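Examining the three-dimensional arrangement
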6 protein chains.
Amino acid sequence: MFAHNKRLQYTVRVGSSNPGLANLMLEQFGGPQGELAAACRYFTQALAEDDPGRKDMLMDIATEELSHLEVIGTIVAMLNKGCKGRLSEAAESQADLYRSISGNGNSSHVTQVLYGGGPALTNSGGQLWNAGYIDSIGDPSADLRSNIAAEARAKIIYERLINLTDDPGVRDALGFLMTREVAHQQSFEKALYSMTPNFPPGKLPGDPRFTNVYFDMSQGEGDARGPWNNDENFQYVTGADAQQPIDGDGNATVGLTDDEQGVLKQLVARTASDPESDPLTGAELGMEGMVEEEVEAPSE
Amino acid sequence: MFAHNKRLQYTVRVGSSNPGLANLMLEQFGGPQGELAAACRYFTQALAEDDPGRKDMLMDIATEELSHLEVIGTIVAMLNKGCKGRLSEAAESQADLYRSISGNGNSSHVTQVLYGGGPALTNSGGQLWNAGYIDSIGDPSADLRSNIAAEARAKIIYERLINLTDDPGVRDALGFLMTREVAHQQSFEKALYSMTPNFPPGKLPGDPRFTNVYFDMSQGEGDARGPWNNDENFQYVTGADAQQPIDGDGNATVGLTDDEQGVLKQLVARTASDPESDPLTGAELGMEGMVEEEVEAPSE
Amino acid sequence: MFAHNKRLQYTVRVGSSNPGLANLMLEQFGGPQGELAAACRYFTQALAEDDPGRKDMLMDIATEELSHLEVIGTIVAMLNKGCKGRLSEAAESQADLYRSISGNGNSSHVTQVLYGGGPALTNSGGQLWNAGYIDSIGDPSADLRSNIAAEARAKIIYERLINLTDDPGVRDALGFLMTREVAHQQSFEKALYSMTPNFPPGKLPGDPRFTNVYFDMSQGEGDARGPWNNDENFQYVTGADAQQPIDGDGNATVGLTDDEQGVLKQLVARTASDPESDPLTGAELGMEGMVEEEVEAPSE
Amino acid sequence: MFAHNKRLQYTVRVGSSNPGLANLMLEQFGGPQGELAAACRYFTQALAEDDPGRKDMLMDIATEELSHLEVIGTIVAMLNKGCKGRLSEAAESQADLYRSISGNGNSSHVTQVLYGGGPALTNSGGQLWNAGYIDSIGDPSADLRSNIAAEARAKIIYERLINLTDDPGVRDALGFLMTREVAHQQSFEKALYSMTPNFPPGKLPGDPRFTNVYFDMSQGEGDARGPWNNDENFQYVTGADAQQPIDGDGNATVGLTDDEQGVLKQLVARTASDPESDPLTGAELGMEGMVEEEVEAPSE
Amino acid sequence: MFAHNKRLQYTVRVGSSNPGLANLMLEQFGGPQGELAAACRYFTQALAEDDPGRKDMLMDIATEELSHLEVIGTIVAMLNKGCKGRLSEAAESQADLYRSISGNGNSSHVTQVLYGGGPALTNSGGQLWNAGYIDSIGDPSADLRSNIAAEARAKIIYERLINLTDDPGVRDALGFLMTREVAHQQSFEKALYSMTPNFPPGKLPGDPRFTNVYFDMSQGEGDARGPWNNDENFQYVTGADAQQPIDGDGNATVGLTDDEQGVLKQLVARTASDPESDPLTGAELGMEGMVEEEVEAPSE
Amino acid sequence: MFAHNKRLQYTVRVGSSNPGLANLMLEQFGGPQGELAAACRYFTQALAEDDPGRKDMLMDIATEELSHLEVIGTIVAMLNKGCKGRLSEAAESQADLYRSISGNGNSSHVTQVLYGGGPALTNSGGQLWNAGYIDSIGDPSADLRSNIAAEARAKIIYERLINLTDDPGVRDALGFLMTREVAHQQSFEKALYSMTPNFPPGKLPGDPRFTNVYFDMSQGEGDARGPWNNDENFQYVTGADAQQPIDGDGNATVGLTDDEQGVLKQLVARTASDPESDPLTGAELGMEGMVEEEVEAPSE
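If you're wondering where the values come from, they're calculated on a predicted model, not measured in any experiment.

Some words on the relation of the copies chain B and chain A
At an RMSD of 0.0 Å, chain B and chain A line up after a rotation of 180° and a shift of 0.0 Å along the axis. Such a turn and shift between the copies fits a two-fold axis. An overlap of 100% is found between the interface residues of chain B and their copies at the interface of chain A, pointing to a shared contact surface.

Things to note about the sheet that holds strand β4 (residues 218-219) of chain F
Across the sheet, 4 strands lie side by side as β4(C)-β1(E)-β1(D)-β4(F); this open sheet has mixed pairing. For this open sheet the edge positions go to β4 (218-219) of chain C together with β4 of chain F, each flanked by a neighbour on one side alone. Pairing analysis gives 2 bridges linking β4(C) to strand β1 (residues 2-5) of chain E, with the strands arranged parallel. If you follow Gln219(C) over to β1(E), its bridge partner there is Asn5(E).

Let's talk about the relation of the copies chain F and chain B
With an RMSD of 0.0 Å, chain F superimposes on chain B once it is rotated by 180° and translated 0.0 Å along the axis. Most of the interface of chain F is mirrored in chain B: 100% of its interface residues are interface residues there too.

Observations concerning the confidence of the model for chain A
Residue and element names in this part refer to chain A. For chain A, mean pLDDT is 93; residues scoring 70 or higher make up 94% of the total. Note that residues 292-297 has pLDDT below 50 and, in this model, 5 contacts with residues that lie over four places away or in other chains. This prediction of the complex comes with two scores: 0.95 for pTM and 0.94 for ipTM.

With respect to the packing of aromatic side chains
Counted according to the given criterion, the structure contains 51 aromatic pairs over all chains. Each ring, one from Tyr10(C) and one from Phe176(C), has its centre 4.5 Å from the other, and the planes form 15°; the classification is stacked. Remark: Phe176(C) occurs in helix α8 (residues 168-193) and Tyr10(C) occurs in the loop between β1 (2-5) and β2 (13-14); sequence separation between them is 166 residues. Taken together, Trp129(A), Tyr133(A), Trp129(C) and Tyr133(C) form an aromatic cluster joined through their ring pairs. It is Arg225(C) that lies over the ring of Tyr236(C); its NZ or CZ is 3.6 Å from the centre.

As for the interface of chain B and chain A
On the side of chain A, 115 residues touch chain B, which itself brings 115 residues to the contact. For the chain B and chain A pair, buried surface summed over both sides reaches about 9,600 Å², with 58% attributable to carbon and sulfur atoms. Counting the surface chain B buries against chain A, the share from its top three residues, Glu89(B), Ile137(B) and Trp228(B), is 7%. Our count for the chain B to chain A interface comes out at 8 salt bridges.

Points about helix α7 (residues 140-163) of chain F
For α7(F), which comprises 24 residues, the first-to-last C-alpha distance of 34 Å matches the rise-based estimate of 34 Å (1.5 Å per residue) to within 8%. Within α7(F), 24 of the 24 residues are buried, leaving the element largely enclosed by the surrounding structure.

Observations regarding the packing of helix α3 (residues 35-48) of chain A against helix α7 (residues 140-163) of chain A
Residue and element names in this part refer to chain A. Following both chains from N to C, one finds α3 and α7 inclined at 165°, their axes separated by 11 Å at the closest point. Between α3 and α7, the angle is such that the two are roughly antiparallel. The way α3 lies across α7 gives a crossing that is left-handed. Only Asp-143, Ser-146, Asn-147, Ala-150, Glu-151, Arg-153 and Tyr-158 of α7 make contact with α3, whose side of the interface consists of Glu-35, Arg-41, Tyr-42 and Gln-45. Here the residues of the contact of α3 with α7 sort into 3 nonpolar, 3 polar and 5 charged.

Structural notes on the pattern of salt bridges
Taken as a whole, this structure holds 120 salt bridges over all chains when the rule is applied. The salt bridge involving Arg180(E) is made with Glu64(E); its shortest N-O contact spans 2.6 Å. Here the residue Arg180(E) occupies a position in helix α8 (residues 168-193), and Glu64(E) occupies one in helix α4 (residues 52-88), the gap between them amounting to 116 residues. Judged by relative accessible area, which is 1%, Arg180(E) ranks as buried. We note a salt bridge from Glu92(F) to Arg86(F), for which the minimum N-O separation is 2.8 Å. By relative accessible area, which is 29% here, Glu92(F) ends up partly exposed.

Definitions and limits used
- Residues numbered from 1 in each chain as written.
- Chains lettered and ligands numbered in written order.
- Predicted model: local features only at pLDDT ≥ 70, side-chain atom pairs only at ≥ 80, totals over all residues.
- Heavy atoms only, no water.
- Least-squares fit on C-alpha atoms with pLDDT ≥ 70 in both.
- Contact = heavy atoms within 4.5 Å.
- Pairing = 2+ DSSP bridges.
- Helix = DSSP H or I, 4+ residues; strand = E, 2+ residues; numbered from the N terminus.
- pLDDT = per-residue confidence, 0-100.
- Phe/Tyr/Trp six-rings, centres within 6.5 Å; stacked < 30°, edge-to-face > 60°.
- Lys NZ or Arg CZ within 6 Å of the ring centre and 35° of its normal.
- Buried area = accessible area lost by both parts, 1.4 Å probe.
- Salt bridge = Lys/Arg side-chain N within 4 Å of Asp/Glu carboxyl O.
- Expected span 1.5 Å × (residues − 1).
- Buried < 20%, exposed > 50% of the residue type's maximum accessible area, 1.4 Å probe, protein only.
- Axes fitted to C-alpha atoms, helices over the stretch in contact; angles between N-to-C directions.
- Parallel < 35°, antiparallel > 145°, perpendicular 65-115°, else oblique.
- Left-handed = near helix turned anticlockwise from the far one by under 90°.
- Nonpolar A, V, L, I, M, F, W, Y, C, P; charged D, E, K, R; others polar.

Structure (C-alpha cells):
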C-alpha cells in the first residue's frame, strides 16, 4: 500500500509564471516518455513478478517515479499559477486574455481552456496519454530491456527540456529528475545481467540457420559494413541472393476442404475483374467540363 | 525506393483454414510488438539518421520487417481463406454462420464481420494499431536501446504463439520470424556498442550527487538486496531517510506578480471550502427512502 | 512524495487460478471506471488545487486509490498465477494450451499472449486505458461533481463484478473496494457543499431568459412530465413552439471583407452542383451486368 | 426518429472571419465537454432506459444538444468562411498563406490543411473525439450523477470561451449555450432526487465497517479537517494506523494445483536473479570512451 | 435545429433477448462503418458547405442517419433487455451469471459489465468509436467520393450481419437499413457528377508527365495486365526501369547555413559508430550461462 | 518480399532548413490522408485478395506508396536537419532555443522535443496515426470505392500543402506526389468498373421498396432539388410524410420470457422516478450563499 508525505522528493522553486513553458513540461507528465508511463510500467510489472529481488526493485522504482510525477506536475501547476486566476476570474479584457493564451506559439491554449491550467495527462501537444505507451509483456528478459530503453529515452527528453529552459529553479529540478533516470537504468542493467542466461530472451532458442544471418535488403550507394553485419559476426547475404525466398518457392498455400474451395471459387467468380475490358469510369465521367488551360501545373 | 518481389521471404504452408488461429496471429501483424511496428520503427529512424553505418543498417532491417509483415499477414489470410467465402456468399444458414464466428472463444467475429477475414491492423483483441507503439525519439543512444528491447519483446510473443499452434507449417514460419528477431537484436547491440561512449545516453552528464543512489521506497517484509542496489554499486538509502526531501524542504514556490497574486487570491476566496460547515449534501438527500434491511452486505 | 509498504491495504485471498475471471477483473484495473483512472483524477486535481482543505482531501484519496489499484492488480496477478507458467514453460501440448486460452469465452487470450498474464492497463475487452477517461477541468464546482459521479460509477462496476464472482476471497476484497467508493463519494459531497455557492458552477451566471426553460424536443406518445420539467420549476415549451429559433430568424451570418467574398464566390462557382443536370454516374456504370433475379431480397 | 428544421435554435451572428477563434471554438464541438459528447451521452442512455419519465427527458435533452452542436459548428464554419476560399483557390502567395495559417499561435493550421476549414470532430488542439469521453454505464443512479457533472463541466468551458471572445455575436450565442447547460443540470438533478433512494448508487449496500471511514493517507504539514473527514461524519484514521492493512496481514495468496505449482517453480528457477552476482552490464560497456570533464552538470 | 418524434423510422420487432447478437449489432452502432460515423460525416460536411443543393442533401441524409442510429441502437437495447435485469438485480447465482455473459464466444461480457447492456459507442469488439473514422476534408470533389465509398462499406457490413442473424424481425430492420445505404449512395453519385468537372479532384491539375504512368513495382510470377495498367490507358513502366528515380539521382539535399553545418557535424561526430570496432555487447553478456542443449529448436 | 534501393523515387531538393514547414509536411507522412495510410491500405487488401489482377495492382501501388512515404519523410528530415543539431548539442542559449521552437505558430515544438526532429507518425498537429484511418473491409466493390476516395483526399491535401509552400524543391516533389494520386485513382477506377456488376456493392440486392426513395428530413427555407433527389430518379417524400414510420407503428418490441419480465419489472420498480415528487436537489443546496447581483449576465 502507498502513503503520501506532503513534502516533495525534490524542492520546486519556479522563478515566475509561464504558461508556455508549463505546456512544454507536460511532455514528461503525460507524454509517452513521462513519469506516469514510468510509474505504471514498473508497478504493473512488480505486481506479476515472482522473483523476490526484481519484485522489490520494481516497486521501489515505481514508487519513486510516482514522486517524480508529483515533482513535474507541481512544476506545471506552479508555472500556470498566475494565468489560471486571470482566466477564471475574467480579470482582463477578452482580447487580452485571447492574446495571452494564443500568442506563445505552442498548444498552451488547450491547457488553459480545457484543463484550467491544471497538469493534464497529455503530452506537450495535447495528445492524450494512453496505455499503449507501456510495452511490458510479462517476461523479465524482455521487460528489463524495455525498462533500460525507457530510462534512456526519458533521460534524453529531460536533457532537451533542460536545453530549452532558462528558469534556474526549473532547470535544477529537471536536472535531478534526469539524473535519477540514469540511476534507474543502472539498476535495471544489473538486474538483467544477474539473470543468466538472458539472451536470447525467453526459453525457446532461435533456429541456428537464421540466427547469425544479415540480409542486405537496402542496396545501392551507401551500403556500409560494421560490427552489426561484418563477416566475423554474421553471414552477410547481399545482391540478388538477399532478395530470394529463404525457404521453398515463396508461395503461400492452405489446405481447404471441398466445400471451402467451392464457395471460394464462387466468390472469386462473382467478383472477378475482366482484364480485357476497357470500362468507362467515374473518373472519366468526372473529366467532363474540364478546361485544362485554366490552371498551371504545380511545378512550373 | 522500394521494390516488391511476388515471392515471400519465407514460404507459408498452412494446414487448414482456422479463423480462431488467424485471429491470434494478428498479434504480430497489427499488435504493439508486431511487424508493422517494427518496420515503422526502423524506417522512420533511418530517414533522420546521419551516421552512414546506422542509416544503412536501419533501412536493411526495416525492409526485412516489411517482408515479415507480408509473411505473417499471408498466414492470417490463408487461415481465413475458407471462412471468408462462406460469409460473403451466405453459403450456410444464418444460425450456422453465427455459431461458426462466435463459438471459438476469441475475437474472430470482429475479423469476419468488420474486415471480411482480411488481415487487419489490429492486435488479436481488435485494438487498433497506433503510432504510440513506436518509441523512437531521434537519439541513437536511446533509439538503439529501444530497438534492442523491441526485438526482445517480439521474440517472446512469437515464442508464445509457437507454443499455442499445432499447425506444422505455421509453426515453421513463426520459427523463422522469431529467429530473425534474435538476429536483429544482435545487430542493434553491435551498433550500440560501436558508438562510444553511449552511457549515459545523450550528451548531458548526470548530477553526480544522485547518479548512484538507490532509494528503498517500498519497505517491509520482502525488501531485497542484489547488484541493482548493493553497496558496491549504489548508496542505499532506506528507512525514514528514503522518505525525506532530497533537497530543501520539499515545498513548491513560484514567483508571482502582484496582479497575479491578487487575482489568485480572488479565485481562492471565491471557491474556498468552509471547514467549519456541516452542509447537507446530495448523498444525504439520496438516502431518503432507503430501507437498510432489505439487502445483505456483500461480504456476508 | 510517496512511500510504499509491502503489505496490501486489504488482504487478497484467491481460491484458485482462473484466467477468465482475471480478465474480467481488469475492468477495474485499466478500465474507464477503474482505480488508475481514480488515482490519476484526484492526484492531478490535487496538484493544481489552492484550497488547503480540498488539496489535502484529494491527495488522501488519490493515495488510497493507488493502494486499491494494487489490490485489484494483485487479484489479477493471483488469478493468472497458474496459467502464466504453463504458457511460458510450454508445459502442455500446443493444442491444450490453445484450448485453455481461447475456450473461456472472453478476451483472456490477449492477456496471456500479449501481456503474459500480468495485469495490463486495459479494460476487460482489451481496450487500452487513455487519459480521455479523466474529465477534470480545473474548476472545483465542476471537478467535485465529476468526482461524485466517478465514485458512483465505480461503485456500480464493483457491484456487477461481485454479482459475477463466486470466489469468496475475491468477493470479499471487491466488497471492500466497492464500499470505499461509497465513503469517498460522501467526502466529495461534503467538500462540494462546504463551498458556497457552488451552483451554477463557475463564476458567470446564466442568462435568466433561458435558465429555467425546458424544451420538449422529443414529442409523441411517451411525453412525460415530472419535477425535471414541471410547471413549478420550468417554463415548459412544447409543440411547434419548441421547434422555433429562440432568437432571431435562425440564420447564420458572418461579416466578410470584399476580398473574402470575392474568393468565396470563386470557390462556390468552381464547385457548383448543377440542379438541372441528370448526369450518368458511377453507380449506373456499376449496374451493368447485373442480373436482378439471381438473389432474393433480404426481408423475404 | 429525427427531423431537421433549417433554422438554427439560436441565431449566429459572427462579426468577422477569424480562423484562430474558430479553432478555439472546436473545444465545444469535438472536445470532451462539447456538444457531440453531450448528445451521444443522453441519446444512448435514452435508448436503454425503461423508466418513462427519464426516457422522455433524456431524449428531449439529447435532441436539444444536437441543435447546440449545430449552433457551435455553424460558428466554426462562419469564422472560417473567409479563409477557406483563400486556401482552396490559392488566392494569395504561398508565403502569405503560410503566414496566415501558422502565425496565430494555436493549432488552426491543422483545421485548414486537413479539414479545409470545416468543423472537425476534434478539440481545439486537434485531438480526435473518442467515445471514451462518454461515461454512461447503464445505471440511473450513476448516469444521472454523470450527467449532472457533465453539464457542470460544459458550463465552465463555455464560460472560459466567453472570457476569451470579444466578438459580440459569438459571445451572445455562447451565452445561450452556456445557460442551457445550467437548465439541463437542474433537470437532471430533479430526476436524480425523484428516484428514492439513490444513494448508495445501485442495489448492493456498502460494508458498514468501511462506509464512514476516512484514511489520512497523505500526511504532513497541510493536513486539514473539514466536513469531508470530520469526526461527526467519519472515523478518521491517521498516523501509522492509516498505513496498516485493514484486514489480515496484507499478503496475497492463491490456491494452486500441484501441476501449477510445479511449472511455476520451473519458471521462477529459470528466470531467477542472482543477488550475489555483480555482473558486468551494458551500461558499463557503454561508459567506455567517456571523458567526464567535457561537459558540465546540468544544475551548475 | 432538430426535433425528435418518439416513433422509430422503422419498426423494431425483436424475437427474443440475445446479448451475443446484441453485441454483434454494435458494429453498426459504434463501429467505423456504423450510423454514428455516417451521421457525423454528413452533418459536419453540411455545416461548412456553401452550395445550396449539396448542403440540403447532406443535412437530409445526416438527419436520416440519426434515425438509423436510433433504430440500430434500439435493436441492441431490445436484445439486451432480458439480461440487464438479471445482472443488476443479481437474479441468479454468481456462477450462472458468469457463465451467461462469458460463454457466448464474443465480447458481450464487456457490454454487460461496463455498459450495463446499454448500446455503447464501440464496435462489436469493444473498440471505442473515434473521429478518425470520419474522413471529411472539406472539398466536395473528395468528400462526395468518400461518402460514396462509406455507403458502399456500410451496405456490406449490413449484408454480413443479415447473413449472421436468424431473428426475422432483426433481419427485416437490417434489410431496411442496408437498402437505405444503397439509396444514399445513389444520391451522392448524382451530386458528384452534377459538379463538372470533378476529376482530378480540387483545382490544381496533375503534372502531365506522371498522370498516366503505371509503375510495376511488384514483379514476378503473378504480374497481370488489365484496364488499370494497359497500354491504352497508361505508360507501363516495368523491370529495372520501374525501380529507378524518376527525376534526378534520387538523393536528398538541403541547404544549411554554416552554423547549422557546424553543429550538425558536431552531433555526427559525437554519435558516430565505429565500423572497425568489434565491441562486446549486452547480448553476449546475456549468453553467459546458456546451455544450448537443453531446448530443441522450434521447427524440429 | 520487399527490396530497397537507396535512391529515392523522386529527388528531394530542399532549399533551407525550416522546422515549421517540416511540421506541416507531417500531414502526409503520419496524417490520415498520408502515405503510411495509403501503403497500409493497399498492402493489407492485396494480402487477402484472390483476384489475380487486383492483387497485382494493389501490391504495385502499395509498394509505390512506401516509396512516397520515404520521399515525404525525407522532406521532413531535411527541413529539420538544421535545428536538430542545435537542440541536441545545446548550441544556443536556452532562451534562444525556446524561442526558435515555440515562436513559429504551429506544433513544431512537439516534433523537436519528443521526436528530436525525426519524421514522426503523427499528423501536423501531433495526433498519433492509428489504424482506424484505414477503412478496408475485405470486399472489392467497397474497397475499390474507398481507394478511389482516399486518392481523391490525398490529392487535395497535397494541393493545399503546395499552396502553402514557397520552397521550389519542396513544391516540385509535392507536385510529383500529388500527381501520382491522380494516376492511382484512375487505376482504381478502371479496376472497379472492370468488375461487373459492382453496384449495389456486395451480393444481396436492396429492398426495392426503399432503394429509390429520398426522404426530405431537413425542411425549411433552403430545400433544394437536383438530380440527387429529383422525380426522375427518386420518389421524393417530404413534409409530414417524411417524418412518419415507414413500417408499422414505429414502436420497438422484444419477446421476453416470464423470468426476464419479472426481473425487469423489479429493476424498473427499484429505479422508478416519481413524477409527482418535487425533491430538494443538490443544485438547490448549491445555490445557498449566492448573491445574484454580483456578476453581470454574459450577453450584456
